Amino acid sequence: MGPARGRDPGHRDVTQLSAWARVRAAEGFAHTYVLARRGGRLVGGAQVLLRRVPVLRLIGYVPYGPVVAPSASDRSAVVDDLARALADLDGVRMLFVQPPEGADDVHAALLRRGFRPSTAGIAPPGSVRLDLDRCEEELRRGLPPRLRSLIRRAAERGVRIRRGDEDDVPVLAALMRVSGDACGYRPPDEDHLRRLYGELARTGNAALFIGEVRGVPVTADLVTMCGSMVRGRLGGFDRSGDGARLGVPGVARWEIGRWAHREGYRWLDFGGLAEQTLHDAVDEGIRSSPAWSGVDQAKMRFGGEAFRYPGAVELIRPAALRQLYDAVSARDCGQALLHRAKVRMRAGTRRPAVRLPRRPGGVPA
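Here the focus is the packing of aromatic side chains. With the rule as written, the count across this model stands at 6 aromatic pairs. A centroid spacing of 6.5 Å and a plane angle of 55° characterise the contact between Phe 96 and Tyr 325, whose relative ring orientation is tilted. Highlighted residues: Phe 96 in strand β5 (residues 92-98) and Tyr 325 in helix α11 (residues 319-329), separated in sequence by 229 residues. Neither Phe 96 nor Tyr 325 differs from the other in exposure class; each is buried. On the basis of an interplanar angle of 70° and a centroid distance of 5.3 Å, the ring pair of Phe 209 and Trp 259 is categorised as edge-to-face. Taken together, the residues Phe 209 in strand β9 (residues 206-213) and Trp 259 in helix α8 (residues 248-262) connect sequence positions 50 residues apart. Trp 259 matches Phe 209 in its accessibility class, with the two residues each being buried. Site record: aromatic cluster; members linked through ring pairs are Tyr 64, Phe 307 and Tyr 309. Directly above the ring of Phe 29 sits Arg 24, whose terminal nitrogen or CZ lies 4.4 Å from the centroid. Geometry around Trp 267 places Arg 129 over its ring, the cationic atom sitting 4.7 Å from the centre.

Printed below as a string of C-alpha cells:
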C-alpha cells in the first residue's frame, strides 16, 4: 500500500534512495553521502553520485537533494550545514545540484556557499502534478471531453491497461526504442532497465504498466513511488498502429492515476515539462497551447498543476577549470560534448566502477 493521505511532507524522489545508488553502481557510478544529525538523529542529507572522467577526475551530481526531515525544528541551520558539506566535498572538481521541489532555501544556501546558477540542463526545469486527494468522479470531470470518451469506450475497443512485471521489461525496452527512433533520442538499454526495475520494484518503489490493443502492447510506462508521490519515469509508445487513434497513452495515464489513488498516494507527477510550456503555464496561466510539444500537451490535459523546481546550481573548481568550462560550453562543439556528458550522467553506460576510500560523511550536531 502507498502512504496515508494528507499533506505531503516533501515530494521526495527515488534518486535519493540507496536503491538508486545500486542501479547506478552497475554503470560505473560511485556514491557518497553528506548527512546532518541533531542529537544523534538524522535530520537531513544528500546522496551524491560520482563519476570519474579523464582529466577532470571526479564529477558529482545530486539529483533532487539535499532533503531535510519535516520534523527538523531548525531547518535553516540544517540546510546551511548541508550546503557547507556539499561545498567542502574533497576531490570533486565539478558538482551539479538540482534541489527538490519546494526547496528554494536550499538553492539560496548553495549560492551563499559559492555555487552558481547552472545552465547545464542536468534535470527538467519543472513538471506537472495531479492532486489525487479527490474522488474518482471529480478527477474524471477534470479531463477534456475527448479523453473522457476514449477512457469510457476503451474496453469495448479492445484497449487494456495491465500491471507488468520483470517479464515485461523487454516490452518496455522495445517500445522505448520505437519512441527513440521516432523522436530522435537514444533510450536506455535493456540491461539498464532490468536493473532499474529490479532494484526499485524490490523495495516497492517502482511499478510497470502495459497498454495493449487486442493483446498487442503499444505503450509501456514505468513509474516510481516515493513518499506520497507517483512519478512517471520512463515510457515508450508505438504510434504506428491503432494506439494513437484509440488514445492508449492517455487511457494508460488515467489507469495509473486510478491505481495510485486506490493505493493511497497523494500526487501523480507526469514528468518534466519544457521551459516554454512552464513559462506559458506557470507565468502566463495558459492551460493549453498548440505551440507545445505533443508530449507536453498530453501531460497537461489531465488538469494538473505545472510547477518549477528551484534552479539547478553548480560548483566548478579551481578557477582555471571554471573558465575553461565556460569557454567550451559557449561553443557549438562544447554544447555537443556537454549534451553527451549529460546523457551519460542521466542514463549511463556500463563502465568500471569508481572506487572511493571509505570516509565518514556527516555534519555533526
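Let us keep going from here.
Another point: the packing of helix α1 (residues 18-25) against helix α7 (residues 190-202). Two elements in contact, α1 and α7, have axes separated by 9 Å at closest approach and are oriented at 160°. In terms of orientation, α1 and α7 fall into the roughly antiparallel class. α1 and α7 meet at a crossing whose hand is right-handed. Between α1 and α7, the contacting residues are Ala 19, Trp 20, Arg 22 and Val 23 on the first element and His 192, Arg 195, Leu 196, Glu 199 and Leu 200 on the second. When the residues that make up the contact of α1 with α7 are grouped by side-chain class, the tally is 5 nonpolar, 1 polar and 3 charged.

Turning to the nonpolar core, a few remarks are in order. Core analysis: the largest hydrophobic core is formed by 33 residues, its most contacted members being Val 159, Val 223, Met 225, Val 230, Trp 259, Leu 268 and Met 300. Mapped onto this core, the elements with two or more residues apiece are β7 (126-131), α5 (145-152), β9, β10 (216-226), α8, β12 (267-272) and α9 (275-283). The element that contributes the greatest number of residues to this core is α8, accounting for 6 residues. Formed by 29 residues, the second largest nonpolar core is a distinct cluster that contains Ala 46, Leu 50, Leu 110 and Val 313.

So, about the pairing of strand β1 (residues 30-38). In this structure, β1 lies alongside strand β2 (residues 41-53), joined through 9 bridges in antiparallel fashion. Each residue of the ladder has a partner; that of Arg 37, found in β2, is Leu 42. Where β1 folds back on β2, the antiparallel hairpin that results is connected by 2 residues, among which Gly 39 adopts a positive phi of roughly 60°.

Another aspect to go through is the pattern of salt bridges. Opposite charge on two side chains permits them to pair, given that their charged atoms come into close proximity. Tallying each qualifying case throughout the model produces 29 salt bridges. Measuring nitrogen to oxygen at the nearest pair gives 3.0 Å for the salt bridge that ties Arg 38 to Asp 74. Residue Arg 38 is found in strand β1, and its partner Asp 74 is found in the loop between β4 (67-68) and α2 (75-87); the two are separated by 36 residues along the sequence. Given a relative accessible area of 26%, Asp 74 falls into the partly exposed group.

This brings us to the confidence of the model for the protein chain. When pLDDT is averaged across the protein chain, the result is 89; 88% of the residues are at 70 or more. This model gives residues 348-365 a pLDDT under 50, and the stretch forms 46 contacts once residues within four places in sequence are excluded.

Position of Gly 235 among the secondary structure elements: in strand β11 (residues 229-237). When residues no more than four places from it in sequence are discounted, the contact partners of Gly 235 are Leu 172, Met 176, Tyr 185, Ala 220 and Asp 221.

Another point: the side chain of Arg 231. Along the chain, Arg 231 turns up in strand β11. The class for Arg 231 is buried, based on a relative accessible area of 8%. Here Asp 13 takes part through its side chain, which lies 2.7 Å from a polar atom of the side chain of Arg 231.

On to the sheet that holds β10. Pairing in this open sheet of 7 strands is mixed, and the strands run β8-β9-β10-β11-β12-β7-β13 from one edge to the other. Edge strands, defined here as strands with exactly one partner in the open sheet, are β8 (159-163) and β13 (305-308). Ignoring which end each strand starts from, the neighbouring axes of this sheet average 30° apart. Where β11 meets β12, 3 bridges bridge the pair, whose relative direction is parallel.

Time to look at the side chain of Asp 269. With respect to the helices, strands and loops of the structure, Asp 269 is situated in strand β12. Within the local environment of Asp 269, its side chain forms a polar contact with the backbone nitrogen of Gly 271, the two atoms lying 2.7 Å apart. If sequence neighbours within four positions are ignored, Asp 269 has contacts with Ser 127, Val 128, Arg 129, Met 229, Val 230, Arg 231, Gly 232, Phe 307 and Tyr 309.

It is at 9 Å that the axes of helix α6 (residues 169-183) and α7 come closest, and there the two elements cross at 130°. As the angle between them shows, α6 and α7 are arranged oblique. For α6 against α7, the interelement crossing comes out right-handed. Contacts between α6 and α7 involve Val 169, Pro 170, Leu 172, Ala 173 and Met 176 from the former and Glu 190, Leu 193, Arg 194 and Tyr 197 from the latter. Along the lines of polarity and charge, the residues of the contact of α6 with α7 split into 7 nonpolar, no polar and 2 charged.

Analysis parameters
Residues numbered from 1 in each chain as written. Predicted model: local features only at pLDDT ≥ 70, side-chain atom pairs only at ≥ 80, totals over all residues. Heavy atoms only, no water. Phe/Tyr/Trp six-rings, centres within 6.5 Å; stacked < 30°, edge-to-face > 60°. Helix = DSSP H or I, 4+ residues; strand = E, 2+ residues; numbered from the N terminus. Buried < 20%, exposed > 50% of the residue type's maximum accessible area, 1.4 Å probe, protein only. Lys NZ or Arg CZ within 6 Å of the ring centre and 35° of its normal. Axes fitted to C-alpha atoms, helices over the stretch in contact; angles between N-to-C directions. Parallel < 35°, antiparallel > 145°, perpendicular 65-115°, else oblique. Left-handed = near helix turned anticlockwise from the far one by under 90°. Contact = heavy atoms within 4.5 Å. Nonpolar A, V, L, I, M, F, W, Y, C, P; charged D, E, K, R; others polar. Core = buried A, V, L, I, M, F, W, Y, C linked by side-chain atoms within 4.5 Å. Pairing = 2+ DSSP bridges. Salt bridge = Lys/Arg side-chain N within 4 Å of Asp/Glu carboxyl O. pLDDT = per-residue confidence, 0-100. Polar contact = N/O pair within 3.5 Å; in protein donor to acceptor, adjacent residues only side chain to side chain.

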